[in-house]
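Below, each chain spelled out in residue letters.
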Amino acid sequence: MKNIFILTLSLLMQYSLFAQERLKSKKEIDPSKPTNLYTQINANLEYRSGINQNLYGLKTNVQYAFNPDNLLMLELPMLYNDQYAQFGISDVRVRYFNAIKRNLTKTVIAIAPFADITLPTGNFEKGLGSSSWTLSAGCVVGLRVSKKLSFFPGLSYIHITKPGTTLIPDVYNFVSNGLGLQFNASYRFTKRTFLFVNPTPSFLFSNDVWKTIWTADLSINKIITPNKFKVNLGFSPNFTNDLYTFKIGGTLYL
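This write-up is about the structure you can find in this document. Quick caveat, the model's predicted, so the values are computed rather than measured. (Residues numbered from 1 in each chain as written. Predicted model: local features only at pLDDT ≥ 70, side-chain atom pairs only at ≥ 80, totals over all residues. Heavy atoms only, no water.)

**A word on the environment of Ser-136**
Next up, step 1: Along the polypeptide, Ser-136 turns up in strand S8 (residues 134-144).
Next up, step 2: It is 8.3 Å that separates the C-alpha atoms of Ser-136 and Phe-114, two residues lying 22 residues apart in sequence.
Next up, step 3: Contacts of Ser-136, omitting those with residues within four sequence positions, involve Phe-114, Ala-115, Asp-116, Ser-156, Tyr-157 and Ile-158.
Next up, step 4: From its side chain, Ser-136 meets the backbone oxygen of Tyr-157 in a polar contact 3.5 Å long. (Helix = DSSP H or I, 4+ residues; strand = E, 2+ residues; numbered from the N terminus. Contact = heavy atoms within 4.5 Å. Polar contact = N/O pair within 3.5 Å; in protein donor to acceptor, adjacent residues only side chain to side chain.)

**Section: the pairing of strand S12 (residues 202-206)**
Next up, step 1: Going residue by residue along S12, you find Ser-202, Leu-204 and Ser-206 tucked away on one face and Phe-203 and Phe-205 left uncovered on the opposite face.
Next up, step 2: Pairing between S12 and strand S13 (residues 209-213): five bridges, direction antiparallel. Bridging from a neighbouring strand, Phe-205 pairs with Trp-210 of S13.
Next up, step 3: Between S12 and the antiparallel strand that follows it, S13, lie two residues; Asn-207 among them carries a positive phi value of about 55°. (Buried < 20%, exposed > 50% of the residue type's maximum accessible area, 1.4 Å probe, protein only. Pairing = 2+ DSSP bridges.)

**Observations regarding a nonpolar patch on the surface**
Next up, step 1: Taken together, Leu-45, Leu-58, Tyr-187, Phe-189, Ile-220, Leu-233 and Ile-248 make up a surface patch of nonpolar side chains, about 630 Å² in accessible area.
Next up, step 2: For Leu-45, the position within the fold is in strand S1 (residues 40-49).
Next up, step 3: Its relative accessible area of 53% is what places Leu-45 among the exposed residues. (Patch = residues over 30% accessible without salt bridge, like charges linked within 9 Å, V, L, I, M, F, W, Y side chains within 5 Å. Areas by Shrake-Rupley, 256 points an atom, 1.4 Å probe, with all protein chains shown as cover. Salt bridge = Lys/Arg side-chain N within 4 Å of Asp/Glu carboxyl O.)

**Quick look at the pattern of salt bridges**
Next up, step 1: With the rule as written, the count across this model stands at eight salt bridges.
Next up, step 2: Of the charged contacts in the structure, one is a salt bridge between Glu-46 and Lys-59, with a shortest N-O distance of 3.6 Å. Remark: Lys-59 occurs in strand S2 (residues 54-67) and Glu-46 occurs in strand S1; sequence separation between them is 13 residues.
Next up, step 3: Asp-217 serves as the salt-bridge partner of Lys-247, at 4.0 Å between the closest nitrogen and oxygen. One end of the pair, Lys-247, is in strand S16 (residues 243-253); the other, Asp-217, is in strand S14 (residues 216-225), and 30 residues separate them in sequence.
Next up, step 4: Among the charged side chains, a salt-bridge network with shared partners connects Asp-30, Lys-33 and Arg-188.

**Here we look at the pairing of S16**
Next up, step 1: Sheet topology note: the S1/S16 ladder contains ten bridges and is antiparallel. Paired with Asn-44 across the bridge in S16 is Gly-249.
Next up, step 2: As paired strands, strand S15 (residues 229-238) and S16 are joined by ten bridges and run antiparallel to one another. Across the sheet, residue Val-231 finds its bridge partner in S16, namely Gly-250.

Read these as layout, nothing more, since geometry by itself doesn't imply function.
Here you go:
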């Protein structure tokens, strides 16, 4: 009996040492690079101010990485419109990301095409949705400038379907096509704190007229628990339509 106890204790100690060494040797994830793909759950409280209405709510997305190079995202926004005093689901978004090349040179760290779909699930009459499908496909290139600074420029084709509601005046009742750009810069202040600055203008052709929409995304991120949890504070202005979104949230890595 004594020998069995000693053997069991020895095995437990060896397993504990093995688990500690494995934990130490596990590579710490780096979410400061958007082309690094991880399974995660994101939740953001948002406030969007507009000229005639404001939106409040929770935007949650689940991202599943099939492997380090393939990721599928599903985003579900739940919003409240203060003009119509209505609460409900807004437009759902689905995104697929594929890193086809990595570390081509010391500077080019990734080439990643993507496809993005926004579904008109929100009720337009209640001020919760757009009533149009938005389809986008493009590619992002990761460029390392230094240990702290990286750029992730991207180009995409955008197709927006004809609105599915009669409440929009005829002048806006057209299909739109165009190009979207991003100039995402990622700067790491420390190993656990980083900043995204991402101007995202788009150029849409509709009803024989080109229209430029000036938008951007900015966020400061802080990793609280490595490989597990981070928090973020963000601001997303739409200068063309005078819409300004403020958000605070967190990310759980699985």
